[in-house]
Every structure is written in C-alpha cells, then in structure tokens.
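Descriptive structure summary
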Amino acid sequence: MNTDPQIPGDSAQPDAAPAAIVNNTAIPLAPTPKVARPAVVEFRNVTKIFGGEKPFTAIKNVTFKIEDHSERGEFVCILGPSGCGKSTVMRTIAGLTPQYPQTSGEALVFGRPVTPSSSDRGMVFQDYSSFDHRTVLDNIAFGLECQGMAKLDRHALAMDWIGKVGLSRDKDALKYPHQLSGGMRQRVAIARTLILKPRIILMDEPFGALDPATRLSMQDLLLKLWHEQQATVFFITHDVEEAVFLSDQVLIMSPAPGTILEQRAMTRSALPARAAQREASFLQHVFALRDVMEKLEQPA
Ligand code: ADP
Ligand code: MG
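Owing to the predicted nature of the structure, the values given are computational and were not obtained by experimental measurement.

If you tally the helices and strands in the chain, you get ten helices and twelve strands. Counting every position in the chain, which comprises 300 residues, the buried fraction comes to 34%. For the chain, the share of sequence-separated contacts (at least 6 apart) that also reach a separation of at least 24 residues comes to 66%.

Let's shift gears to the pairing of strand β3 (residues 41-50). Pairing of β3 with strand β4 (residues 56-66) involves seven bridges; the strand directions are antiparallel. Looking at the pairing, F50 lines up with F56 of β4. The antiparallel hairpin formed by β3 and β4 contains five residues in its connecting segment, where G52 sits at a positive phi of about 110°.

Of all residues adjacent to ligand 1, which total 13 residues, the nearest are F50, A58, K86, S87 and T88. Contributions of two or more residues to the shell around ligand 1 are made by β4 and α1 (86-94). No other element matches the three residues that α1 contributes to the shell around ligand 1. Of the residues belonging to the shell around ligand 1, the class tally is six nonpolar, six polar and one charged.

What follows deals with the confidence of the model for the chain. Taken residue by residue, the chain gives an average pLDDT of 89. The fraction at 70 or more is 89%. Long-range and interchain partners of residues 1-15, a stretch whose pLDDT sits below 50, account for ten contacts in this model, where long-range means more than four residues apart.

Between the first and last C-alpha of helix α4 (residues 151-164) there are 20 Å, a value that for 14 residues agrees with the 20 Å anticipated at 1.5 Å per step. Along α4, the residues that are buried comprise R154, A158, W161 and I162. Angular distribution of buried residues about the axis of α4 spans 105°; they occupy a single face of the element. Looking at α4, the residues exposed on the side facing more than 90 degrees away from the buried face are L152, D153 and A156. On its buried face, α4 sits against α2 (136-140), α3 (142-146), α5 (169-172) and α6 (182-194).

Now for the environment of M218. Note on placement: M218 falls in helix α7 (residues 212-229). Sequence separation between M218 and F207 is eleven residues; the distance between their C-alpha atoms is 7.6 Å. Setting aside chain neighbours within four positions, we find M218 in contact with G183, Q186, F207 and L210.

For the rest of this paragraph, the subject is the sheet that holds strand β12 (residues 260-265). The six strands lie next to each other as β8-β9-β10-β5-β11-β12, forming an open sheet whose pairing is mixed. Across the chains shown, the open sheet's two edge strands, defined by having one partner strand only, are β8 (121-124) and β12. Recorded for the sheet is a direction-independent mean angle of 15° between the axes of neighbouring strands. For strand β5 (residues 75-79) and strand β10 (residues 232-236), the ladder comprises four bridges, and the chain directions are parallel. Bridged to F75 within β10 is V233.

The rules behind the values
- Position numbers for residues count from 1 along each chain, tracking the sequence in the order it is written.
- As they are written, the chains are lettered A onward and the ligands numbered 1 onward, keeping that order.
- Local features in a predicted model are, by the rule used here, given only for residues with pLDDT of at least 70; side-chain atom pairs are given and counted only at 80 or more, and totals for whole chains, interfaces and linings are based on all residues.
- Strands here are runs of E lasting at least two residues and helices are runs of H or I lasting at least four, both read from the DSSP assignment and numbered beginning at the N terminus.
- Residues with at least 20 other C-beta atoms within 10 Å of their own are called buried, those with 12 or fewer are called exposed, and the rest are partly exposed. The C-beta atoms themselves are positioned from the backbone.
- By the criterion used throughout, residues are in contact when their C-beta atoms, derived from the backbone, lie within 7 Å.
- A pair of strands counts as paired when DSSP detects no fewer than two bridges linking them.
- Near, for a residue, is defined by distance from a backbone-placed C-beta atom to a molecule or strand, with 6 Å as the limit that must not be exceeded.
- For this classification, the nonpolar set comprises Ala, Val, Leu, Ile, Met, Phe, Trp, Tyr, Cys and Pro, the charged set comprises Asp, Glu, Lys and Arg, and every other residue, Gly included, is treated as polar.
- A residue's pLDDT is the predictor's confidence in that residue, given on a scale from 0 to 100.
- Here the expected length of a helix is defined as 1.5 Å per residue gap, with one fewer gap than residues.
- Arc definition: it is the arc formed by the directions from the helix axis to the C-beta atoms.
- Axes here refer to lines fitted to C-alpha atoms; in helices the fit is confined to the stretch in contact. Angles between the N-to-C directions go from 0 to 180 degrees.

What follows is the structure in structure tokens.
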C-alpha cells in the first residue's frame, strides 16, 4: 500500500491550507512560504531636476512603496501644497515627459523600471481631455479602437460604460464634448480610462474644477467603479475631505522640492460621501490632516 503523503488541492488555489492525507486523515503541513509579489509602485530616492538656464529641483529623494493587494487594490491619495511636485510624481509613474524620466533614483512599477507607455496604467487629468471632434461614444471607445477592436464590439462595450458612469445611452452617446457639463466630461474621461481595465489608475485632480455637489457624487461613483475593477488608484487632490473619503492611504508631500513626509493609513467609511462627512471619525481624520497641511503651507 502506498502510504506516501500526498499533497491535495489545486495549484491554482495557492491560499488553501496545505495538508497531507495519510490513511484518509488530513494532517496539516507547515504553510508554504508565499512568493513575494513586487510592489505596485515603488520609488527609491527619486529626484527630478528640470533643466534650462536655472536648473530647478521639483522633487527630491521621493521614497514610498504601495504593496500589491491584487484581490482588492489600494486607493492612494497624494496631498501636498501647490507646486510641491504631486503631478511630477504621478507623471513619472505614467512615464510622461518631461517629468519622466527622473534625474536620479529608481521608479518601479510591478518591480520594473517605468517605461514610457503601457496598458497597465491609465490616466485621468483635471482638464477635460476628451477629443473635441469625437462623440461621447467614440471618445470612450478610443483606447479599444487603438487596440484594434472591431467597431461593433467596441461600441457595445462603450455603450455599457456610458451607463456605468451615469450618462444616458439614448441622450448622450452621440453628443460632442462641447455639449457636456464639466461633470459629464469627467464621466467620459473616467469611462475612457476604466474601459481598458488598467491595473493602475492615475488621476491628477480630476474633480478639481467641479462644483461641490457634483464632486461628491463623482466621488461615490469613482469608489463604486473602483471596487469593481480591483485596480490601484493614485489620486491627487487639494481637498482634505476628498482624500479622507477616498483613501486607504495618504502620501503627504512637503513644499518644493517635494519629498514624502508621511505615508498615513486611513479607514474608509462605508457610507456615501455626503453622509460620511458627518461622522465623528471622518472629522477627526480631516482635522488631523488639515493641521499637517496648514503647517506645510505656512511660509518658512
Ligand atoms: P504640483 O502638482 O504639486 O502642483 P508639479 O509637479 O506640477 O507640482 O510641479 C512641481 C514644481 O516643478 C513646480 O514648481 C513647477 O513649476 C515645476 N515644474 C513642473 N514642470 C516643469 C517643467 N516642465 N519645467 C520646469 N519646471 C517645472
Ligand atoms: Mg499638479
């Protein structure tokens, strides 16, 4: 009789507790060590000096690491005074010039040095970045078109996304960007990026130009879509309430030349934005962050 221990289970389920079966009895084995996954994004002493007649150091020794929780992703807000280098950090992750490449240090995405463009990263900007001559439908389908997807298929997917971001399939699909409000344009921008299912979503003050009520509903929409996508989001904002509502973590940057002062873990409310803002724990986070920001913004 063969009494050799057998390791049961499916190698596609690495998290199942390992056990040996001896005479039909499961005997627990020591857990197999998990293979370390590279961080989603890691910066090691990244410095950017813009050239020209008078070289200017925009960020200096920026160091942080966002771990890969592949089953849920992480929502990371970048907060810091104006001009401290938030966009420089984000555009370096995106591989967009002239911020990319950095002058020194290492910028890694999934353990590898950043490359100029890749489908694993998608970006949403503050200014409405849709193509003026394309309809909502064709703006949202743009990335799929670049990938070579057939027209019928990409239009079907884009129609889905028009609904997902709260636009009307009947009324809005064939409109042009100039016929849309700011909030609607940012819904198009979000759909255009998320339809490609990037693992990293980069958002540079995407709601900065919206009125307060629209902003709150966009925050709720973004969290809902993000939960479905399991991506890691980097989101730049000046608005402390927005950061507290959205974040798992906040990266707080110093005034220029920007560096990371603190990487602070947050606890997200389960309530919608409007209701969350009335919770005592939410307000405590807001006051604590606001104190840090006010100190940073005082002239030295
Ligand atoms: P933030 O997004 O935090 O407001 P930025 O990352 O846009 O800040 O810019 C950081 C600093 O670098 C600013 O002082 C800005 O003027 C400067 N800067 C940004 N881009 C360039 C560039 N292409 N050439 C020279 N200086 C730049
Ligand atoms: Mg900026």
